[in-house]
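Coordinate analysis (summary)
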Amino acid sequence: MKKVLVVDGQGGKIGRGLVSQLLNYPELLEVTAVGTNSMATANMIKGGAVRAATGENSIVVMAARADIIAGPLGIIIADALLGEITPAAACAVSSSPAVRVLIPMNKCENIVVGVQEMPLSAMVDAAVKEIVRIAKGDTP
């Protein structure tokens, strides 16, 4: 079983979408949700997260324990998500031995070029599919 850490900030919409779909694979995945703020965490709990926490220290601790980390691309960039991603949190996610499955968002202060534009729901679906593939040990 793979330990999946879902990290999100702002309103937690991406995290909620990830959590709600990842929980469909209880035989493969143990899902933990960590929000940078209480609203993001609450939204992921509404998505079904049972294991949930809030804040920088939770990101730092859980990133070291995860096999897979998922969330918006900004979780690896210090001061992203309007400043919600602290340098320590970004460093913890970036330096974790976990595989990172990141959803590119062309919002705020970061622009990702060369990425196909698609609805958020399609990006979340693609991320979940990739996480399940990794958990099963399938090669791309």
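Before any of the text, the structure's been laid out above.
Everything numeric in this text was worked out from a predicted model, so none of it was measured.

The rules behind each value
Residues numbered from 1 in each chain as written. Predicted model: local features only at pLDDT ≥ 70, side-chain atom pairs only at ≥ 80, totals over all residues. Heavy atoms only, no water. Core = buried A, V, L, I, M, F, W, Y, C linked by side-chain atoms within 4.5 Å. Buried < 20%, exposed > 50% of the residue type's maximum accessible area, 1.4 Å probe, protein only. Helix = DSSP H or I, 4+ residues; strand = E, 2+ residues; numbered from the N terminus. Contact = heavy atoms within 4.5 Å. Salt bridge = Lys/Arg side-chain N within 4 Å of Asp/Glu carboxyl O. Polar contact = N/O pair within 3.5 Å; in protein donor to acceptor, adjacent residues only side chain to side chain. 1 Å grid on protein atoms, 1.4 Å probe; cavity = no way out; pocket = protein on both sides within 12 Å on 5 of 7 lines; lining within 4 Å. Points joined across faces, edges and corners; volume = space filled by probe spheres on them. Nonpolar A, V, L, I, M, F, W, Y, C, P; charged D, E, K, R; others polar. Pairing = 2+ DSSP bridges. Axes fitted to C-alpha atoms, helices over the stretch in contact; angles between N-to-C directions. Arc of directions from axis to C-beta.

1. Section: the nonpolar core
Counting 25 residues, the largest nonpolar core has Val 6, Leu 18, Leu 22, Leu 29, Ile 103 and Ile 131 as its most contacted members. Mapped by element, the contributors of at least two residues to this core are β1 (2-8), α1 (13-22), β2 (29-35), β4 (68-72), β5 (99-103) and α6 (120-136). No other element matches the eight residues that α6 contributes to this core. Apart from the residues within four sequence positions on either side, Leu 22 is in contact with Val 4, Val 6, Leu 29, Val 31, Val 128 and Ile 131.

2. Re the pattern of salt bridges
Scanning all chains against the criterion turns up two salt bridges. Taking the shortest distance from any N to any O, the salt bridge between Glu 30 and Arg 51 comes out at 3.9 Å. Taken together, the residues span a long stretch of sequence, with Glu 30 in strand β2 and Arg 51 in strand β3 (residues 51-54) at a distance of 21 residues. On the basis of relative accessibility, which here comes to 29%, the residue Glu 30 falls in the partly exposed class. Given a relative accessible area of 38%, Arg 51 falls into the partly exposed group. Where Glu 130 meets Arg 133, a salt bridge forms, and the shortest distance between an N and an O atom there is 2.4 Å. With Glu 130 and Arg 133 both in helix α6 and three residues apart, the pair spans about one turn of that helix.

3. Notes on the side chain of Thr 36
Here Thr 36 lies in the loop between β2 and α2 (38-46). In terms of polar contacts, Thr 36 uses its side chain to reach the side chain of Glu 84, at 2.4 Å.

4. Remarks on empty space enclosed by the protein
Scanning the model with the defined rule gives one cavity of 30 Å³ or more in all. Elements that contribute at least two residues to the lining of the largest cavity include exactly β1, β2 and α3 (56-65). Among the elements that line the lining of the largest cavity, the one with the most residues is β1, at three residues. Looking at side-chain class alone, the lining of the largest cavity contains four nonpolar, one polar and four charged residues.

5. Topic: the pairing of β4
In terms of burial, β4 is a largely internal element, five of the five residues being buried. In the sheet, β1 pairs with β4 via three bridges, with the strands oriented parallel. Bridging from a neighbouring strand, Val 4 pairs with Ile 68 of β4.

6. Examining the sheet that holds β5
On the basis of which strands lie adjacent, the open sheet formed by five strands has the order β3-β2-β1-β4-β5 and parallel pairing. Edge positions in the sheet fall to β3 and β5, since each of these pairs with one other strand and no more. With strand direction ignored, the average angle separating the axes of adjacent strands in the sheet is 20 degrees. On the sheet, α2 packs against β1, β2 and β3 and is oriented at approximately 150 degrees with respect to β2.

7. Brief notes about α2
Restricting attention to buried positions, one finds in α2 the residues Ala 40, Thr 41, Asn 43 and Met 44. For α2, the angular spread of buried residues about the axis comes to 160 degrees, placing them on one side. Projecting away from the buried face of α2 at angles above 90 degrees are the exposed residues Ser 38, Met 39 and Lys 46. Contact partners of the buried residues in α2: β1, α1, β2 and β3. Two to three positions downstream of the cap, the backbone nitrogen of Met 39 sits 2.9 Å from a side-chain oxygen, assigning the N-cap of α2 to Asn 37. Just beyond α2, the residue with positive phi is Gly 48, at close to 115 degrees.

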